[in-house]
Amino acid sequence: MEHFLLGDLTWSALPHQWFTVGATATIVAGLAVLAGLLTYLKKWKWLWKEWLTSTDPKKIGIMYIVMASVMLFRGGLDAAMIWLQQAMSAGNAPGFLGAAHGYLDANHFQQIFTAHGDIMVFFVTMGFFFGLINLIVPLQIGARDLAFPFMNSLGFWLYVAGAVFINMFFVIGGQFAGSGWLSLPPLSELQYSPGTGIDYWVWSLQISGLGSLLGGINFVATILKMRAKGMTLMKMPLFTWTSLCSMVLVIASFPVLTITTLLLWADRFFGMHFFTTTAGGNPMLYVNLIWMWGHPEVYILVIPAFGIFSEVVSTFSGKRIFGYVSMVMAAIGITLLSFLVWLHHFFTMGAGADVDAFFGIMTGVIAIPTAVQIFNWIATMYRGRIRFTTPMMYFLGFAGIFTMGGMAGVLLSIPGADFELHNSLFLVAHFHTMIVSAALFGIFAGITYWFPKVTGFTLNERIGRRAFWLWVVGYFVSFIPLYILGFLGATRRLDHYAASTGWQPLFITAGVGVLIIAAGALTQVWQVIVSIRERDEHRDTTGDPWGGHSLEWSTPSPVPYYSFAVAPEVDSRDAFWEMKKRGWKPGPAAPGTYKDIVMAKNTGMAIYLSGFVFLGAFGLVWHIIWLAVAGIGGAIACFIIQSFDEDTEYILPAAEVERLDRMAWERNK
Amino acid sequence: MDNEQTITPMTEAEERTDTQVFGFWLYLMTDLIIFGVLFAVYFVLRGATFGGPASYDLFSLRSALAETIVLLTSSFTCGLALVAAQRGKANQTIGWLAATFALGAAFLALELTELSRFVATGASPERSAFLSAFFTLVGTHGLHIGVGLLWIAVAIVQVRLRGLTAGTRSKLTRFALFWHFLDIVWIFIFSTVYLYGII
């Protein structure tokens, strides 16, 4: 009976190690403070009605960005813990907190680097990009909403459920997967990883992956079907183009992740033998499949950033982007090539010289479209009137660092060199270079660039530039030592090493870099706080603070919830630039041009549905069968109820649109 | 210019159906990739019987053929349901949907009988990598059929309650795509798993 009710859940699963107790206390205290604050300010209803149940892509976008920021803090804390362990654990110095070396035992250290990788990839970078794409792509194509507003809300809430799930082990279970961010078998099989850590990992990825997939389908349908009149594909802004490429990659690659991790779970739950070392299982099959998703995933994280940089460079150079068509072709080229390189993650598998050569060459070839983009950005800047704003600074930082990291990548693409550097810190340094410079800097540039569109005021430039320099210097100080350590033979995921290696000074240097990066991140928080305080000085009254060239800048800032009072029409690239040339002035549209607008209603169904999915997954992790059945059944029931609901829209009458539009522009005067 | 005059613009409802069907196609493509991976896994692990039964020891063409005929017929009745829906005949639509449901349920019953026969003879998914891959591939298809059955039931209720509106018709179109898609996947299972497995 007890097993029926609670499955494998016992008292020992509750927090009792210092880190689970600490994290659980922090989580509970944080939620209590938040709940208290909301109750005190009487904001529950407002939160529920205005935000949580919203189907407005702009609000969902902001919620994505808030959630991703929280997770960035969480993942950053993991990074700092990894560094502290490595800086402390040379030689035979006695450990702390019961650890033999440093202050973390090997098992705990493994869980931290696993969580760091997964959180940064799935919940930080993906979260930020889904947020920015939600905010900006509909505006850039002149659409008021996405093709499927309910699905958008559902995608977001599944992402949240996945993010909560990956942190659940603190509260119940006490351990996370310790098998690296991709949980390669046979290590991740039941025999070598008993307990619930891997199951938490699998289901967190299932839930959030489903959310990403729904988002991907939604954005591809939106971009291909809902563009403003006259906006042909080759007139789309480049951020929309790269978002399209990225979302196509999501659609094509995330199913592979879903099914591959499910097969791993089937091994663990049903005792199957896909990837086991016995009964004919084949662990390398998993490695192949997971990287067939994993490499495109890298580009899912990087391609949208290319689009952001294209917008930023063009705007702040005061010129049209150089080589628009080649930019589009390069993005599409990278999209296609990203499916042909997965084997370079494990040249050491022993597939033979011919196979290795093919994948090595394909990997090198990816440098070509990427270089096309870099050259086009430089050509755009050439003889432009460059304004060195924070987004532009992030671009310049990116261009230098990314090119350097790309060179390291081309080096790694040579199978012979890769055999030496495989699994070393050189590799770790390489991919952090790429992700920090492209994805993170792109996100920071994008947030700074579009901040006034969403909030109505610009961010403080002075503090922003300071944060930029901290990030750049911090990047160099923390990752250049890792390149060197990799060459010296330090492998990744190292929890201690002999003092005689002489590596400790380099590890300590890297740690100082982490501190500088942390200072950069705190400066960014400071920047937001100061900017909110000084918001009256930095008001964006025209809706177009930078002299932008795409449709989002034709709306008043902050963007009203109906986005466009009058549906825009387009007949060229850089549509808004053209409109301004023809004498467009900020202000309400001409009377008589307003029409009724069909708007999506808010719905709480996505929250209930994600809640049931969460419970179902929790039941599966702990083998509580009734809970699993109830959770999945509840989710299906929600889905059916939703399909009966035809009252999902309302009409905003033309007169009301006109009134709101006048008010929005009036307020800014 | 001439083109624009000859094409009548879509109504709002048509445009919405068009977007919904397009989105559904995208979903089907993601599902196709899931099946693609399962097929690939099956072919890699096909020979990994680990001393247990192999495909030619287990598969019976007779039951596989019966399943195939039942499922293909259900695709036909599903097509008829859609034709009836386009002609605006609600009762006929419901009738053909019910027939599709019955055939789909029959398929599922046949499949479950076959799989439980395998398990009874000791050929369960835990036995070998080959059997894990086989059960998962066929089981995933069966699970989709189960979801399809649930969908038919909901669709019948909705057509009954609301008649053939633009909304229900769009749903039926998407259901038909789903059902035919599962048929195509089954044809691949029949030919590459069962037929090839007996050789």
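Relevant structure appears above.
Note that the structure is predicted; figures quoted are calculated from it, not measured.

*Asks:* Could you clarify how one ought to interpret the overall build of chain A in this entry?
*Replies:* Along its length, chain A carries 20 helices and two strands. With the principal axes as the frame, chain A shows a C-alpha extent of 75 × 65 × 50 Å. A sequence separation of at least 24 residues applies to 82% of the contacts in chain A between residues at least 6 apart. Surface exposure of chain A reaches about 26100 Å², of which carbon and sulfur atoms provide 71%.

*Asks:* I tried to follow the overall build of chain B on my own but got confused; where do I start?
*Replies:* For chain B, the helix and strand inventory stands at seven helices and zero strands. When the helices and strands of chain B are read in sequence order from the N terminus, they spell out α-α-α-α-α-α-α. In terms of overall dimensions, chain B has C-alpha extents of about 70 × 40 × 25 Å along its principal axes. Here chain B holds 199 residues, and 48% of them are scored as buried. Between the averaged position of the 12 positive side-chain charges in chain B and that of its 13 negative side-chain charges there is a distance of 10 Å.

*Asks:* Honestly, the interface of chain A and chain B in this entry has me stumped. Any pointers?
*Replies:* One frequent convention defines the size of an interface as the accessible area lost when the parts assemble. The interface of chain A with chain B comprises 32 residues on the first partner and 36 residues on the second. Around 2800 Å² of area is buried between chain A and chain B when both sides are counted, 75% of it from carbon and sulfur atoms. Its largest share of buried area at the contact with chain B, chain A owes to K225(A), I259(A) and F644(A), together 19% of the area lost on that side. Taken together, the connections running from chain A to chain B amount to three salt bridges.

*Asks:* Where do I start with empty space enclosed by the protein in this structure?
*Replies:* Any empty space left between the atoms is revealed when a probe the size of a water molecule rolls over them. Residues and elements named next belong to chain A. Throughout the structure, instances matching the rule amount to two cavities of 30 Å³ or more. Its volume calculated, the largest cavity comes out at about 70 Å³. Elements with a minimum of two residues in the lining of the largest cavity: α5 (106-140) and α7 (197-225). Tallied by class, the residues present in the lining of the largest cavity amount to five nonpolar, four polar and no charged. Its boundaries defined by the atoms lining it, the second largest cavity holds a volume of some 40 Å³. What lines the second largest cavity is simply M126, F129, F130, S246, M247, V250 and I300. For the lining of the second largest cavity, a count of residues per class yields six nonpolar, one polar and no charged.

*Asks:* Please explain the packing of aromatic side chains as it appears in this structure.
*Replies:* Aromatic ring pairs: the centre-centre distance and the angle between the two ring planes describe each pair. Residues and elements named next belong to chain A. As enumerated under the stated definition, the model contains 82 aromatic pairs over all chains in all. Centroid distance Y449 to W553: 5.2 Å. Interplanar angle 70 degrees. Geometry classified as edge-to-face. A residue pair is termed long-range when its members are at least 10 positions apart, and Y449 in helix α14 (residues 425-455) and W553 in the loop between α16 (504-533) and α17 (575-581) qualify at 104 residues. Just as Y449 is buried, W553 falls in that class too.

*Asks:* Sorry, what's going on with helix α20 (residues 654-667) of chain A here?
*Replies:* Since the α-helix advances by 3.6 residues per turn, residues separated by three or four positions end up pointing in the same direction. All names here are of chain A. Along its 14 residues, α20 runs 20 Å from first to last C-alpha, staying within 8% of the 20 Å computed at 1.5 Å per residue. Those residues of α20 lying buried are A654, V657, L660, D661, A664 and W665. One side of α20 carries all its buried residues, which in axial view fall inside an arc of 130 degrees. The exposed set on the far side of α20, more than 90 degrees from its buried face, consists of A655, E666 and R667. Considering only its buried residues, α20 is in contact with β1 (597-600) and β2 (649-652).

*Asks:* Can you walk me through the packing of helix α8 (residues 238-270) of chain A against helix α2 (residues 12-45) of chain B in this structure?
*Replies:* Two numbers describe a pair of packed helices, the interaxial angle and the distance between the axes. The N-to-C vectors of α8(A) and α2(B) enclose an angle of 45 degrees; their axes lie 8 Å apart at closest approach. By the angle between their axes, α8(A) is oblique relative to α2(B). As α8(A) runs across α2(B), the sense of the crossing is right-handed. Contacts between α8(A) and α2(B) involve I251(A), A252(A), P255(A), V256(A), I259(A) and L263(A) from the first element and L26(B), T30(B), I33(B), I34(B), V37(B), L38(B) and V41(B) from the second.

*Asks:* I would appreciate a short explanation of the side chain of Q527(A) in the present structure.
*Replies:* The topology assignment puts Q527(A) in helix α16. Exposure remark for Q527(A): the relative accessible area of 6% places this residue in the buried category.

*Asks:* So what exactly am I meant to see when it comes to the side chain of N152(A) here?
*Replies:* All names here are of chain A. Its place among the elements puts N152 in helix α6 (residues 149-171). Here N152 falls in the buried class, since its relative accessible area comes to 3%. For N152, the contacting residues outside a window of four places in its chain are P57, I60, N134, L146 and N218.

*Asks:* Quick question: what am I supposed to make of the nonpolar core here?
*Replies:* Soluble globular proteins tend to pack their nonpolar side chains together in the buried interior. Core analysis: the largest hydrophobic core is formed by 255 residues, its most contacted members being Y200(A), W377(A), F398(A), F441(A), F618(A), F134(B) and Y194(B). A total of 19 residues in this core trace back to one element, the largest contributor, which is helix α9 (residues 283-317) of chain A. Those residues in contact with F618(A) that lie beyond four places of it in its chain are L9(A), F165(A), M168(A), I172(A), Y200(A), I624(A) and L627(A).

Conventions used here
- Residues numbered from 1 in each chain as written.
- Chains lettered and ligands numbered in written order.
- Predicted model: local features only at pLDDT ≥ 70, side-chain atom pairs only at ≥ 80, totals over all residues.
- Heavy atoms only, no water.
- Helix = DSSP H or I, 4+ residues; strand = E, 2+ residues; numbered from the N terminus.
- Contact = heavy atoms within 4.5 Å.
- Areas by Shrake-Rupley, 256 points an atom, 1.4 Å probe, with all protein chains shown as cover.
- Buried < 20%, exposed > 50% of the residue type's maximum accessible area, 1.4 Å probe, protein only.
- Lys, Arg positive; Asp, Glu negative; His and termini not counted.
- Charge placed at Lys NZ, Arg CZ, Asp CG, Glu CD.
- Buried area = accessible area lost by both parts, 1.4 Å probe.
- Salt bridge = Lys/Arg side-chain N within 4 Å of Asp/Glu carboxyl O.
- 1 Å grid on protein atoms, 1.4 Å probe; cavity = no way out; pocket = protein on both sides within 12 Å on 5 of 7 lines; lining within 4 Å.
- Points joined across faces, edges and corners; volume = space filled by probe spheres on them.
- Nonpolar A, V, L, I, M, F, W, Y, C, P; charged D, E, K, R; others polar.
- Phe/Tyr/Trp six-rings, centres within 6.5 Å; stacked < 30°, edge-to-face > 60°.
- Expected span 1.5 Å × (residues − 1).
- Arc of directions from axis to C-beta.
- Axes fitted to C-alpha atoms, helices over the stretch in contact; angles between N-to-C directions.
- Parallel < 35°, antiparallel > 145°, perpendicular 65-115°, else oblique.
- Left-handed = near helix turned anticlockwise from the far one by under 90°.
- Core = buried A, V, L, I, M, F, W, Y, C linked by side-chain atoms within 4.5 Å.

The analysis is restricted to geometry; functional conclusions fall outside its scope.
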